[in-house]
Amino acid sequence: MKRKSVPLIIIALFAAGVLMPTLLKQYYLNMLTEILIFSLYAVSYNLLLGYAGLLSFGHAMFFGLAAFSTAVAIIHIPGLALWNAILIGVATTVLAGFIIGSLLLRHKGSYFALLTLAFNSLFYAVATKWHSVTGGDDGLSIKRPALEMGFGSVSLASLTNFYYLTLIIVGAAIVFCWYFTHTAMGKTVLLMRENEERMKFLGYNTNISRLILFTFTGAVAGLAGSFYTLHFQFVSISAISVDMTTAVLLMAFVGGTKTFWGPILGAFVYILLQGYLSDLTDRWPLFMGLIFVFMVLFIPGGLSEVIMNVRQRLFGKKENNGKSAAAEEVPL
Amino acid sequence: MNDVPVFFLHGLAYAGLLFLVSAGLTLVFGMMNVLNFAHAAMYMLGAYFSYSIMMRSTGRFWLSLMVCPVILFIIGALIERFLLRRVHKFGHVQELLLTFGLAYIITELVKWFWGNYPLAVNIGGTLGSTIPIFGITYPVYRIFIFLCAVFVGTVMALILYKTRLGIILRAAVNDSEMVNTLGVNVPLVFMGVFAFGAALSGFAGVIAGPLLSTFPGMAQEILIDAFVVIVVGGFGSLGGAVVASLLIGELQSFGVLLFPKLSIALVYLLMAVVLIIKPSGLFGEE
C-alpha cells in the first residue's frame, strides 16, 4: 500500500464511522464501539508481537490495570472530569510498564513470554484479593462522567455520544500508533527484530529502545482499557485475567501480525465471531482455540496475509523477492 | 508451638508437587528449547483421567498412577510428532503460540467433559491415614508426595548423568546437529523427551488430585508457580528446579503462617528479586 493513499483511507474510514450511528441498530453500534476499543488494544499488542517480535502473554495487565484505575478514580474522586479519569488510567500503566519493563527487558523469546505471564498472574492475584479496592469477584460499577468541554458539557449517557467520543479518541490513537511505526523509533524497533547485534554495533542501546516500546504499548493498551471501563460502565477481574491476553493474542494473530491493519481486522472478526458463536454454542472458546491452532499450523500470517496473497494473484502486485513477508509488509 | 513442623511438612509436600511439574517443564525446555505452555494443561488432564479411573473405588489409586502417565506419554508423543515438529521451522514464537493454543483447547475440553466445578478425589487405605511425626500426627499422603518427588528426581539424575542415554541427551542439548551426524536419531530423542515430560506431568497430576481439588483452573495455578521455579532455579537446570521448588514450597507454606495478607505476592516478590540480582536464575548459566 502506498503511503500517500493512507490519509485518504483514514478519512474515508472516519467518514464511514461518523455515518454508522444513523445506519446501525443500537445492538450493532454497541458492538462497533467494542470493536474499536479492542482494535486499539490489538494494535498495541501487535507493536510488540509483529513489529518487535516480542511475544507477551501479559498484555492484559496493562489493559486491566487502566480499566481498574479508571473505575477506582471515578468512584473515589467525586466530580472527576472524564479526561482526568482516562489520564489516571493511562498514567498508571506508564508507571507499571516502566517498572515491569525494566525488570524484563534483559530477557527475550521464551523467557520474556514466561515472565510476562507471571506478572500478569501477579496483577490478577492482587485484583482478586484486594477486595476493598477492586471489588474482587463482584467487580466495580461506574457511571460515565459527562464530557466537559470549555463551552459546556456533553452527556455521555447515550451510546451514540459515547460512540463518537470513542471514534475520535481511539481512532486518533490508532492513527498515532501507525505514525509511530514510521518514526525513527518505530524503525529502530523493526531493525532490532531483524538484527539486534548490528543495531548494537551501530550504537543503539537496544534495551532502552525495548523499554520505551514496552512502556508505550502498555500505555496504549491502558487507553483501550480505560475506554473498556467507560464503555461497559463496569469492570471485573476478567479484564485483567490471562483470558484477556489470550483474546488479544487471538485477535492479533487471526488478523495477521505482519501488517499494521491485520489486528484491526482481527478485532472485527473476533468480536463478530464471538457474538455469532456464543449464540450457537456455549463451547465457543473451544472453537476459537481450534481456529487459532489451525492458523498457527497452516496460516501463520493470518487473514491479512491471505488477503495480500489474493490481491497479489488478482492484481499482480510485485513479488516481495522471496524475503520474509514480514520485513517487507510491516510498514503498511 | 506445633505450627512450625506442620507448615514445614506442608511446604515439603507442595515443593514435591512443584518439582514433579517443573522437572518435566525444565527438561523439555533444556533439551528442546521449547517452553511448553501446555505442560500444566497436561498435568490437569492427568488429574482428570485419574479422577475418572478412581471414581468407582478409591483402591485404584495405584492403577491410575501407572495408567495416566502412559496415556499422557502417548498424547505427548503425538503432539510432538504431528504438531510441534511442523512449526519448529517457523521459530520460537510459533512454538510458544502452538503450545499456548493447545493449553487453551485442553482447558476447554476438560470443562466440556468434566464440568466447570471442582471434583474431590478421596484417597483411602494407608495413604489416606495419618502417622505421628515430630510429635504431631500428619497425613501420610503428603509425605508420600515428597517421597515420590525424591524418587523421580533421583531417577532422572541417574538417567541423565549415569547412562548412555543421558550422555546422548546432554549432548543433544549442546549441539543437536552434531549428535544427529554421529548417527543418533535426534528427532526421535526429542519426541521421547517431550513424551517423557508429558508423562511426568500426568504423574504429577495424579498425585495432585487428592492433595488439591481437581478443577479447570488448576493448570493455571500450578503453571505460574512452576514458571517461577524455573525462573528462580535457572532455565533448564534440574538442580535449580530442586532448590527452587523447596524454596517456593516453604515460602508458600510459611507465607500463609507469617504474612497471611501478603502470601500471594511473596512468590512473585522472590521472582522479582532473583530477576534483579541474577537474571539467569540461581543455577542458570549466563
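Residues numbered from 1 in each chain as written. Chains lettered and ligands numbered in written order. Predicted model: local features only at pLDDT ≥ 70, side-chain atom pairs only at ≥ 80, totals over all residues. Heavy atoms only, no water.

**Q** I'd like to hear about the packing of aromatic side chains, residue by residue, with values.
**A** In this structure the tally under the stated criterion is 31 aromatic pairs over all chains. Relative to B:Trp114, the ring of B:Tyr48 has its centre 4.9 Å away and its plane inclined at 35 degrees; by these criteria the two rings are tilted. Note that B:Tyr48 is positioned in helix 2 (residues 39–54) and B:Trp114 in helix 4 (residues 92–114), a separation of 66 residues in sequence. In textbook terms, an aromatic cluster arises when at least three aromatic residues are bridged by ring pairs, as seen for A:Phe38, A:Tyr41, A:Phe63, A:Tyr228 and A:Phe232. For A:Arg144, the ring lying beneath its charged end belongs to A:Phe162, and the centroid distance is 4.2 Å. Sitting above the plane of the B:Phe82 ring, B:Arg81 keeps its charged end 5.4 Å from the centroid. (Phe/Tyr/Trp six-rings, centres within 6.5 Å; stacked < 30°, edge-to-face > 60°. Helix = DSSP H or I, 4+ residues; strand = E, 2+ residues; numbered from the N terminus. Lys NZ or Arg CZ within 6 Å of the ring centre and 35° of its normal.)

**Q** Outline the interface of chain B and chain A, listing residues and values.
**A** In many reports, interface size means the accessible area that the parts give up when they come together. Each side of the interface is counted separately: chain B has 35 residues, and chain A has 37 residues. Of the roughly 3,500 Å² buried between chain B and chain A on both sides combined, carbon and sulfur atoms contribute 83%. When the buried surface of chain B facing chain A is broken down by residue, B:Leu97, B:Phe100 and B:Tyr104 rank first, second and third, together holding 18% of it. The interface formed by chain B and chain A contains 0 salt bridges. At the boundary of chain B with chain A, the tally comes to 0 residue pairs in polar contact (both at pLDDT 80 or more). Mapped by element, the contributors of at least two residues to the side of chain B that touches chain A are helix 3 (61–87), helix 4, helix 9 (218–233) and helix 11 (263–277) of chain B. Top contributing element to the side of chain B that touches chain A by residue count: helix 4 of chain B, with 14 residues. Considering only residue class, the side of chain B that touches chain A consists of 29 nonpolar, 3 polar and 3 charged. (Contact = heavy atoms within 4.5 Å. Buried area = accessible area lost by both parts, 1.4 Å probe. Salt bridge = Lys/Arg side-chain N within 4 Å of Asp/Glu carboxyl O. Polar contact = N/O pair within 3.5 Å; in protein donor to acceptor, adjacent residues only side chain to side chain. Nonpolar A, V, L, I, M, F, W, Y, C, P; charged D, E, K, R; others polar.)

**Q** Just give me the short version of the pairing of strand 2 (residues 136–139) of chain B, but keep the residues and values in it.
**A** All names here are of chain B. Side-chain alternation along strand 2 places Ile136 and Tyr138 on a buried face and Thr137 and Pro139 on a face that remains uncovered. Pairing between strand 1 (residues 130–133) and strand 2: 4 bridges, direction antiparallel. Note on strand 2: the bridge partner recorded for Ile131 is Tyr138. From the end of strand 1 to the start of strand 2, which pair antiparallel, there are 2 residues, and Phe134 there has a positive phi angle of about 50 degrees. (Buried < 20%, exposed > 50% of the residue type's maximum accessible area, 1.4 Å probe, protein only. Pairing = 2+ DSSP bridges.)

**Q** Describe the packing of helix 2 of chain B against helix 9 of chain B, and please don't skip the residues or the numbers.
**A** Residue and element names in this part refer to chain B. Between helix 2 and helix 9, the shortest axis-to-axis distance is 8 Å and the interhelical angle comes to 135 degrees. The angle between helix 2 and helix 9 falls in the class oblique. In this structure, helix 2 crosses over helix 9, and the sense of that crossing is right-handed. Between helix 2 and helix 9, the contacting residues are Ala40, Ala41, Tyr43, Met44 and Ala47 on the first element and Met218, Ala219, Ile222 and Leu223 on the second. Per-class residue counts for the contact of helix 2 with helix 9 are 9 nonpolar, no polar and no charged. (Axes fitted to C-alpha atoms, helices over the stretch in contact; angles between N-to-C directions. Parallel < 35°, antiparallel > 145°, perpendicular 65-115°, else oblique. Left-handed = near helix turned anticlockwise from the far one by under 90°.)

**Q** Help me get a handle on a nonpolar patch on the surface, residues and values and all.
**A** Residues and elements named next belong to chain B. Taken together, the side chains of Val70, Phe73, Ile74, Leu78, Phe82 and Phe196 define a hydrophobic patch exposed on the protein surface, amounting to about 550 Å² of accessible area. Among the elements that make up the nonpolar patch, the one with the highest residue count is helix 3 (5 residues). If you trace the backbone, Phe82 turns up in helix 3. (Patch = residues over 30% accessible without salt bridge, like charges linked within 9 Å, V, L, I, M, F, W, Y side chains within 5 Å. Areas by Shrake-Rupley, 256 points an atom, 1.4 Å probe, with all protein chains shown as cover.)

**Q** Give a description of the confidence of the model for chain A that names residues and reports values.
**A** Residue and element names in this part refer to chain A. Residues with a pLDDT of 70 or more make up 94% of chain A, whose mean pLDDT is 84. Per-residue pLDDT, averaged within each element of chain A, yields its smallest value for helix 15 (residues 325–329) (45) and its largest for helix 3 (residues 60–76) (92). This model gives residues 319–332 a pLDDT under 50, and the stretch forms 27 contacts once residues within four places in sequence are excluded. (pLDDT = per-residue confidence, 0-100.)

**Q** So what about helix 1 (residues 3–32) of chain B? Which residues, and what values?
**A** All names here are of chain B. The end-to-end C-alpha distance of helix 1, which contains 30 residues, comes to 43 Å, matching closely the 44 Å that a straight helix rising 1.5 Å per residue would cover. When you tally the buried positions in helix 1, you get 24 out of 30 residues, the bulk of the element. Looking one or two residues past helix 1, Asn33 carries a phi angle of roughly 60 degrees, positive in sign. (Expected span 1.5 Å × (residues − 1).)

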